[in-house]
Amino acid sequence: MRRSHSSQVLASILVNAVYEMKNYPINLVNTVLSPLSFLVVIDFVSKGALIGQAIEGGLIMSMFQSGMSLQGDISHLKNDFKLQDMLVSSPASPAAYVIGMAASEIIYNLPALGILIVLMGVYVHPGAFQAIELGAALFLMFLTSITIGFMFATLSSDIVQSFAWSRLLTTIFTAITPVYYPITYIPFPFRYLAYLSPTTYVAEIMQSVAGSLNLSEGAVITDWAIIGGLAAVLLVVVSRNARWKEA
Amino acid sequence: MDQLVTEKLSKTYGGSSMALQDVSFSAPSSGILALIGRNGAGKTTLVRILATELAPTSGSASINGIDVVREDKRLRERIAIVPQEARTISWMTPKQSTLTYLMWRGFEYSEAKKRAEESLARLKLDKYADTLNRKLSGGTKRKALAAMVLASEADIIFLDEPTTGLDPISRRDFWEILRELAKDRFIFLTTHYLEEAEQLADTLAVLGGGRLVAVGTVPSIRGRIRYQYSVNLPAGSPVPEVAQGEVTTGKNGEIQILTNEDEAFAISKRLSVAGSRFSIRPVSLDDIFFQLVGESTQGEHEVPTPGADGGWSA
């Protein structure tokens, strides 16, 4: 029998995004509200001065949340429904499963991303080249978070633990770090701590592209190199160490 | 003939905990093979190894000549499993669950949809096809899981304790599904309901403490045990003299005498003359199981011997 890989990818998208949104639409509200709530607070407190950074922060949070959601969703399907066991004992392709699950997270976040992109167009007015740069930075953010999420998912055996990690990492990497505000607001020496988070580099790139943060060309190149390198290293680590089945 | 063969199959967890020990047997890979054993006997470990989910520590196994370790990808083309704790995904419907399972197996959407609808209709689940899984009864959820594997092209199906937790009526409904599945596929079923094994199994395998205790058809295993008859007396009855056999007392005080046919009738005759209340019957699978596994767990491991019925051997 000839097996369709595109069907396998689509199956993950249907299960983890389309049917969940269709059958439980309340989840959509939560997905949209999370990044927008921070945006509203930042805009209100800064009296509109940080609206650009807040929109960029919302986009970064959405992308990071996608990766963390992947962790929770894969763990949930694996541990609570034993879906992964059913798929291991079948011709399902692990790569198609994971690619589909990753794509489903983006599709799940499309409503939030759509609103944020419209707001970006209205308040930040990026040109075509800037839009490509912003898109590339967000893609690297997504790759990084999805690999972190997948790594945690393969190691997790308890859904409560998975959701706890998901919330903790999202808070640390998107709410505390300078994602919704410029890094210059953090006093030294604490500013160095912010560079432990991959979201800081993406935020610097996006804020610099949007013109709300003045960075030297060298600093921007360094940010691109670090986030690109980190995504590549994590991809290699995950592809080598992720467990599809037990040893 | 297509065969399931294991050779000295062992599995150790964490370097010390031995879940399976030198399990060797062969059985026809057709109809229903029921694997019975107590909790922790190694049933799930054996199923997971045969279904390519888990690597054995040592030994080998093959189904229809396909090695479960070296040719796992080839075998996965032909197998499907419903694990012991599998549940239907709560936010989906039986139709969506079956459709996506088939798509994960590589079916195109239109073909998967057609097969899903046929499978649900075959198991009389079409009226629940579009109901959210979380709103279904426990029995219907289990049937929905069976519909997923039934819809697939797999001809070797593993079902790990599929009826655990079901009420007696739902369990009997599920047996019909298993018989339906077994018409054109090999079903490897684990259960600790002995009645279920007796009703369904073409081949029976008994695991005790990670070791294979017996394998064969139900009549052949029945013929292998020491005592074929059971004489039962109510609690508090005087115990008659037993020349050959074992006398046990149940938790409720009921007395059971396991013995051979001649002795059982001799005891019955004496009890009838004395006007005692009693019953006599051939041993049930329950009695057989306790005789076999009881011996095995006490260290007196019975090595199964080859039989002439159905081609099983150990």
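Keep in mind that this is a model prediction, so the values were computed, not measured.

What counts and what doesn't
- Residues numbered from 1 in each chain as written.
- Chains lettered and ligands numbered in written order.
- Predicted model: local features only at pLDDT ≥ 70, side-chain atom pairs only at ≥ 80, totals over all residues.
- Heavy atoms only, no water.
- Helix = DSSP H or I, 4+ residues; strand = E, 2+ residues; numbered from the N terminus.
- Buried < 20%, exposed > 50% of the residue type's maximum accessible area, 1.4 Å probe, protein only.
- Domains from an automatic or database assignment.
- Core = buried A, V, L, I, M, F, W, Y, C linked by side-chain atoms within 4.5 Å.
- Contact = heavy atoms within 4.5 Å.
- Patch = residues over 30% accessible without salt bridge, like charges linked within 9 Å, V, L, I, M, F, W, Y side chains within 5 Å.
- Areas by Shrake-Rupley, 256 points an atom, 1.4 Å probe, with all protein chains shown as cover.
- Salt bridge = Lys/Arg side-chain N within 4 Å of Asp/Glu carboxyl O.
- Lys, Arg positive; Asp, Glu negative; His and termini not counted.
- Polar contact = N/O pair within 3.5 Å; in protein donor to acceptor, adjacent residues only side chain to side chain.
- Axes fitted to C-alpha atoms, helices over the stretch in contact; angles between N-to-C directions.
- Parallel < 35°, antiparallel > 145°, perpendicular 65-115°, else oblique.
- Left-handed = near helix turned anticlockwise from the far one by under 90°.
- Nonpolar A, V, L, I, M, F, W, Y, C, P; charged D, E, K, R; others polar.

Considering unusual backbone geometry
Working step 1: Backbone torsion omega between A:Phe188 and A:Pro189 reads 0 degrees, so that peptide bond is classified as cis.
Working step 2: Inspection of the secondary structure puts A:Pro189 in the loop between α7 (159-176) and α8 (190-194).
Working step 3: Of note in the backbone geometry, B:Lys8 takes a positive phi value of approximately 45 degrees without being a glycine.
Working step 4: Mapped onto the fold, B:Lys8 is located in strand β1 (residues 3-13).
Working step 5: For B:Asp22, which is not a glycine, the phi torsion comes out positive at approximately 50 degrees.
Working step 6: Classification of B:Asp22 as partly exposed rests on a relative accessible area of 44%.

Focus on the domain arrangement of chain B
By a frequent convention, interface size equals the accessible area lost on bringing the separate parts together.
Working step 1: Its domain assignment divides chain B into domain 1 (3-223) and domain 2 (226-282).
Working step 2: Centre-to-centre, using C-alpha coordinates, domain 1 of chain B lies 39 Å away from domain 2 of chain B.

Notes on the nonpolar core
Working step 1: Membership of the largest hydrophobic core comes to 120 residues, with the highest contact counts inside it found for A:Met206 and B:Leu204.
Working step 2: If one sorts the elements of this core by residue count, helix α3 (residues 51-80) of chain A sits on top with 12 residues.
Working step 3: Non-local contacts of B:Leu204, meaning those with residues more than four positions away in its chain, are made with B:Ala34, B:Ile36, B:Ala197, B:Ala214, B:Val215, B:Gly216, B:Val218, B:Ile221 and B:Leu285.
Working step 4: Among the nonpolar cores identified, the runner-up in size contains 30 residues, and B:Leu9, B:Ile49, B:Val68 and B:Leu207 belong to it.

Re a nonpolar patch on the surface
Working step 1: Taken together, A:Trp165, A:Leu168, A:Ile172 and A:Ile176 make up a surface patch of nonpolar side chains, about 370 Å² in accessible area.
Working step 2: Topologically, A:Trp165 is positioned in helix α7.

Some details on the side chain of A:Asp80
Working step 1: Residue placement: A:Asp80 occurs in helix α3.
Working step 2: Notably, A:Asp80 is buried but unbridged: the nearest opposite-charge side chain belongs to B:Arg87, and the N-O separation is 5.0 Å.
Working step 3: A distance of 2.8 Å separates the side chain of A:Asp80 from the side chain of A:His76, its partner in a polar contact.
Working step 4: Not counting the four nearest positions on each side in its chain, A:Asp80 is found in contact with A:Ser75, A:Ile159, B:Glu85 and B:Arg87.

Focus: the packing of helix α5 (residues 94-123) of chain A against helix α6 (residues 128-155) of chain A
Residues and elements named next belong to chain A.
Working step 1: In contact at an axis separation of 12 Å, α5 and α6 are set at 140 degrees when each is read in the N-to-C sense. Of the possible angle classes, the one that applies to α5 and α6 is oblique. Relative to α6, α5 is oriented so that their crossing is right-handed. Residues Val 98, Ala 102, Ile 106 and Met 120 of α5 pack against Leu 134, Phe 142, Ile 146 and Phe 150 of α6.
Working step 2: Residues of the contact of α5 with α6, tallied by class, amount to 8 nonpolar, no polar and no charged.

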